[in-house]
Protein chains: 2
Amino acid sequence: MSSAKAEKTRRDRITVKSIRDVAENISKKIDKLSKPEVVFPVRSLGNVRYSPKKGYFEIGKGKSVRSLSVNTAKTFAQTLKMMSLSKELVETNDFATKRDAYYQSKNWNEASFDEQSESDTVMDDIEAMFSVHGVSREQLRYVPDEHGGAVAGDLVVFDTDLETGKTEKIDCTRFGSGAYSIPSLVEHLTFETKAKFVLCVETGGMFQRLQSHKFWKKARCILISMAGVPTRATRRFVRRLSDQCKLPVYAFVDCDPYGISNIYRTLKVGSGNAAHINQFFCVPQARFLGVTPQDIIDYKLPTHPLKEVDIKRAKDALKNDPFFRHYKPWSDAIQQLLKMGVRAEQQSLARWGLNYVIEEYLPNKLKNPAKFLP
Amino acid sequence: MSSAKAEKTRRDRITVKSIRDVAENISKKIDKLSKPEVVFPVRSLGNVRYSPKKGYFEIGKGKSVRSLSVNTAKTFAQTLKMMSLSKELVETNDFATKRDAYYQSKNWNEASFDEQSESDTVMDDIEAMFSVHGVSREQLRYVPDEHGGAVAGDLVVFDTDLETGKTEKIDCTRFGSGAYSIPSLVEHLTFETKAKFVLCVETGGMFQRLQSHKFWKKARCILISMAGVPTRATRRFVRRLSDQCKLPVYAFVDCDPYGISNIYRTLKVGSGNAAHINQFFCVPQARFLGVTPQDIIDYKLPTHPLKEVDIKRAKDALKNDPFFRHYKPWSDAIQQLLKMGVRAEQQSLARWGLNYVIEEYLPNKLKNPAKFLP
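Note that the structure is a prediction, hence the values are computed from the model and not measured.

Basis of the calculations
- Residues numbered from 1 in each chain as written.
- Chains lettered and ligands numbered in written order.
- Predicted model: local features only at pLDDT ≥ 70, side-chain atom pairs only at ≥ 80, totals over all residues.
- Heavy atoms only, no water.
- Helix = DSSP H or I, 4+ residues; strand = E, 2+ residues; numbered from the N terminus.
- Rg over C-alpha atoms; globule rule 2.2 N^0.38 Å.
- Buried < 20%, exposed > 50% of the residue type's maximum accessible area, 1.4 Å probe, protein only.
- Contact = heavy atoms within 4.5 Å.
- Areas by Shrake-Rupley, 256 points an atom, 1.4 Å probe, with all protein chains shown as cover.
- Least-squares fit on C-alpha atoms with pLDDT ≥ 70 in both.
- Expected span 1.5 Å × (residues − 1).
- Arc of directions from axis to C-beta.
- Core = buried A, V, L, I, M, F, W, Y, C linked by side-chain atoms within 4.5 Å.
- Buried area = accessible area lost by both parts, 1.4 Å probe.
- Salt bridge = Lys/Arg side-chain N within 4 Å of Asp/Glu carboxyl O.
- Polar contact = N/O pair within 3.5 Å; in protein donor to acceptor, adjacent residues only side chain to side chain.
- Nonpolar A, V, L, I, M, F, W, Y, C, P; charged D, E, K, R; others polar.
- Pairing = 2+ DSSP bridges.
- Phe/Tyr/Trp six-rings, centres within 6.5 Å; stacked < 30°, edge-to-face > 60°.
- Lys NZ or Arg CZ within 6 Å of the ring centre and 35° of its normal.
- Axes fitted to C-alpha atoms, helices over the stretch in contact; angles between N-to-C directions.
- Parallel < 35°, antiparallel > 145°, perpendicular 65-115°, else oblique.
- Left-handed = near helix turned anticlockwise from the far one by under 90°.

Asker: Talk me through the overall build of chain A; I want residue IDs and the actual numbers.
Answerer: Assigned secondary structure in chain A consists of 14 helices and 17 strands. The globule rule puts the C-alpha radius of gyration for 374 residues at 21 Å, and the 23 Å found for chain A is close to it. Taking the principal axes of the C-alpha coordinates as reference, chain A spans close to 75 × 50 × 35 Å. Residue burial in chain A is summarised as follows: out of 374 residues, 61% are buried. Long-range contacts, defined here as pairs at least 24 residues apart, represent 75% of the contacts in chain A between residues at least 6 apart. Summing over all exposed atoms, chain A offers an accessible surface of approximately 15200 Å²; the carbon and sulfur share of this is 50%.

Asker: Describe the relation of the copies chain A and chain B, naming the residues involved and giving the relevant values.
Answerer: When chain A is fitted to chain B, the residual RMSD is 0.0 Å, and the transformation amounts to a turn of 180 degrees plus an axial shift of 0.0 Å. Seen this way, the second copy is the image of the first under a two-fold rotation axis. The share of interface residues of chain A whose copies in chain B are also at the interface is 100%, consistent with both copies meeting through the same surface.

Asker: Tell me about helix H11 (residues 308-320) of chain B, residues and numbers included.
Answerer: All names here are of chain B. The end-to-end C-alpha separation of H11 is 18 Å, in line with the 18 Å expected for 13 residues at 1.5 Å each. Where H11 is concerned, the buried positions are Asp310, Ala314, Ala317 and Leu318. Seen along its axis, H11 keeps its buried residues to an arc of 95 degrees; they face one direction. Summarising the geometry of H11, the exposed residues directed more than 90 degrees from the buried face are Glu308, Lys312, Lys315 and Lys319.

Asker: Residues and numbers for the nonpolar core, please.
Answerer: Leu199 and Phe237 of chain A together with Leu199 and Phe237 of chain B are the most contacted members of the largest nonpolar core, which has 160 residues in total. For Leu199 of chain B, the contacting residues outside a window of four places in its chain are Leu210, Phe215, Ile222, Leu223, Ile224, Tyr250, Phe252, Leu289 and Leu362 of chain B.

Asker: Describe the interface of chain A and chain B, and please don't skip the residues or the numbers.
Answerer: Between chain A and chain B, the residue contacts involve 58 residues of the former and 58 residues of the latter. Here chain A packs against chain B, burying approximately 5000 Å² in sum over the two surfaces, 47% of which is carbon and sulfur. Inspection of the chain A/chain B interface yields 10 salt bridges. If you look at where chain A meets chain B, you find 30 residue pairs in polar contact (both at pLDDT 80 or more). When residues of the side of chain A that touches chain B are traced back to their parent elements, those giving at least two are strand S5 (96-97), helix H3 (98-104), strand S9 (167-171), strand S10 (179-181) and helix H5 (204-212) of chain A. Taken together, the residues of the side of chain A that touches chain B sort by class into 17 nonpolar, 24 polar and 17 charged.

Asker: Any details on the pairing of strand S8 (residues 156-160) of chain B? Residues and values, ideally.
Answerer: All names here are of chain B. Across the five residues that make up S8, a large majority, five, are buried. Judged by which residues are buried, S8 turns out to be covered on both faces: Val156, Phe158 and Thr160 on one side and Val157 and Asp159 on the other are all buried. Two elements, S8 and strand S9 (residues 167-171), share five bridges in a ladder whose sense is antiparallel. Bridge assignment links Asp159 to a residue of S9, and that residue is Glu168.

Asker: Please provide a residue-by-residue account of the packing of aromatic side chains, values included.
Answerer: What the rule picks out here adds up to 38 aromatic pairs over all chains. Ring geometry for Trp108 of chain A versus Phe113 of chain A: centroids 6.0 Å apart, planes at 55 degrees, classification tilted. Relative to Tyr361 of chain B, the ring of Tyr299 of chain B lies with its centre 5.0 Å away and its plane at 70 degrees, an arrangement referred to as edge-to-face. Note that Tyr299 of chain B is positioned in the loop between helix H10 (293-298) and strand S16 (304-305) and Tyr361 of chain B in helix H14 (residues 356-366), a separation of 62 residues in sequence. You'll find Tyr299 of chain B and Tyr361 of chain B in the same group, each marked buried. Pairwise contacts between aromatic rings join Tyr50, Phe57, Tyr264, Phe288, Phe323, Phe324, Tyr327 and Trp330 of chain A into one cluster. Directly above the aromatic system of Phe95 of chain B lies the positively charged group of Arg209 of chain A, at a separation of 4.8 Å from the ring centroid. In this structure, Arg351 of chain B packs its charged tip against the face of Trp352 of chain B, placed 4.2 Å from the ring centre.

Asker: A description of the side chain of His276 of chain A should follow, citing residues and the corresponding values.
Answerer: Considering the arrangement of structural elements, one finds His276 of chain A in the loop between helix H8 (257-269) and helix H9 (278-281). Once residues within four sequence positions are removed from consideration, His276 of chain A is found in contact with Arg43, Ile59, Glu127, Ala128 and Ser131 of chain A.

Asker: Before we move on, could you go through the sheet that holds S8 of chain B and cite the residues and values that matter?
Answerer: Residues and elements named next belong to chain B. A sheet is described by the order of its strands in space; here three strands give the open sequence S9-S8-S11, paired in antiparallel fashion. Sheet topology places S9 and strand S11 (190-192) at the edges, where each strand pairs with a single neighbour. Taken pair by pair, the neighbouring strands of this sheet meet at an average axis angle of 25 degrees, ignoring direction. Looking at chain direction, S8 and S11 are connected through three bridges and run antiparallel. Each residue of the ladder has a partner; that of Phe158, found in S11, is Thr190. Against the sheet, helix H7 (residues 232-245) contacts S8 and S11, and its axis sits at roughly 55 degrees relative to S11.

Asker: Quick one: what's the story with the environment of Tyr142 of chain A, residue by residue and with numbers?
Answerer: Residue and element names in this part refer to chain A. Mapped onto the secondary structure, Tyr142 falls in strand S6 (residues 142-143). Assessed through its relative accessible area of 1%, Tyr142 is described here as buried. Between the alpha carbons of Tyr142 and Lys35 there is a distance of 28 Å; along the sequence they are 107 residues apart. Aside from chain neighbours lying at most four places away, what touches Tyr142 is Met82, Leu85, Ser86, Leu89, Ala96, Ala101, Met123 and Arg137. There is a polar contact of 2.6 Å between the side chain of Tyr142 and the backbone oxygen of Met82.

Asker: Quick one: what's the story with the pattern of salt bridges, residue by residue and with numbers?
Answerer: All names here are of chain A. Inspection of the entire model under this criterion finds 50 salt bridges over all chains. The salt bridge involving Arg236 is made with Glu187; its shortest N-O contact spans 2.9 Å. Here Arg236 is found in helix H7 (residues 232-245), whereas its partner Glu187 is found in the loop between S10 and strand S11 (190-192), with 49 residues between them in sequence. The class for Glu187 is buried, based on a relative accessible area of 6%.

Asker: Which residues make up the packing of helix H2 (residues 73-91) of chain A against helix H4 (residues 116-131) of chain A, and what are the values?
Answerer: All names here are of chain A. Two numbers describe how H2 lies on H4: the axes approach to 10 Å, and their chain directions differ by 65 degrees. One element, H2, and the other, H4, form an angle in the roughly perpendicular class. In this structure, H2 meets H4 at a crossing whose hand is right-handed. Of the residues in H4, those touching H2 at Thr75, Gln78, Thr79, Met82 and Met83 are Glu118, Ser119, Val122, Met123, Ile126, Met129 and Phe130. For the contact of H2 with H4, the class distribution of residues is seven nonpolar, four polar and one charged.

So, in structure tokens, the structure goes:
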């Protein structure tokens, strides 16, 4: 029960140690009368590669160094203040959004930010800097302003009360037609479940159908509503849940290049632009349940013609995306979709009855997870 | 405990009776060999007025009639099929999104829709038609695809299991740092609470702060995360909660024309474009806690200059919006904002400390709800 608390304490210790290490290096340099510096991983696409073994876009070893100079003095000070605020947040057991941090800086005198875009950049720098130490932005207690997804099913979440430290037990089978809304910060959560898999659903409408009809009970699973491209909190939640409970993750999205190459690919391998954070956020164990191009044929689904943007996105995936290029089944599936020239929404299964998805489609597919696209 | 179930049964009976009434009128006309017709309220702005007594934009008495003719035959048939599907949904205790309904129509032979835009229009018609009977789209079991907001605090929600009919009890004090995610359909929910008010919060970041620090416990309230302009499900949830438990509703949003005239005004009085549904969705008992233009001065908040779109929106509210024109305190406040030429985000209170909002701002404001803007 107190494992949630222990886990939190352990992670906080790592965070504070990393902040101290960076700060001590700077302090030592100054003591030696040499120029202090901070080191970031190079974030350009040239320093990113797809690692089939790890299963995600990985940042390379390229580093860039920012030394203290007349030009960098203000940013340098701001970076240190931001690190110091992070340490304070861990110590007071609190957190801050990007905006909170920006407004807090108004007390930093000459190190105060003039625009939020400036403080966002410094925060991105810090995130990259600490990612090298295996510490995420969320562990630094900087949380996103956006909502997490919704969860229902065979899962108990253990959380810790911020003020009393007491463990709170959240039973996700007990929400009626509602659901558990994932908090911004999920690092400290622990889980207990007898579920056999996690099912990540693209649309709110489909999630509501599966939840209201308690599909999770029949299929012994945990339902996650992604509502489009999943937020950071949702991705991290699924990742930690799957890692900790050793559960396979299946994605159930529209059969179109957006569902495949934006939603599914982001969930599974992350993005090339933010490769330094993929180690925390992507879910390499995810697999693609459907809707596949072959499902459109097998289930005689009503379709829409592919739009120009769909065709562009699909061709781009085939040509430039190392993930899709790595897996032949994916290249084949995308080529098949382009040849068919149509797309299908997950809700198009309603053509055979509103609950056909629950009674036929999902049970059929789940008989053969080995056949899911990688 | 079974009041949730009884309430659901009562509402379903009204829905089915309304569908029957409309259908019987059509059937009688046909029996008399005269042209059957359906009647809708006119939805143009000319048929909308602000009712200070009811507290929302209200639809007028203007009606338009659609008779069966060669030109309307297909739409007429689709309207009846959509009504019939609704009756079936109530009887099988199910629901459908707009998309579900579109795909279901693929079984309607010649009445099948070619495009989703067509089925959306027919659904809008039906919604307007039944709004005259006091029956909402949600009572017809057509649910939005979008997510609801998040809820935390001193509230127990009673829901009914769709399949077993058992009552489920959801305690919103027990979500740790997470929250209760509002389902698409809230008509059947009932509530129990000792809270003194409902606090609707604009940003996810501020909601997370108030929730993680259990502000609802200190202030004895219920927190709602609107995440921008509240969805239909969120507005209806707040309305039903406030009506049933006789709770005042306070809005806590950014001090800018978007927060005031889009978020707050939509929550409180609805919109002129969809006046026929305001009777269900708006929350006329809502009041504006802050952030007010005067708060910017009193709390020395960091600001941003008003953008052109802000100025346009504010001037438009002063000139054309019957709600803001009706209340002098609002005209004064908006004029003050224009004169100051700046806006402030609710998170700008972090300038005085991350938890200043919990320790000072909200307790100060809550001493004097009578002073809240109307």
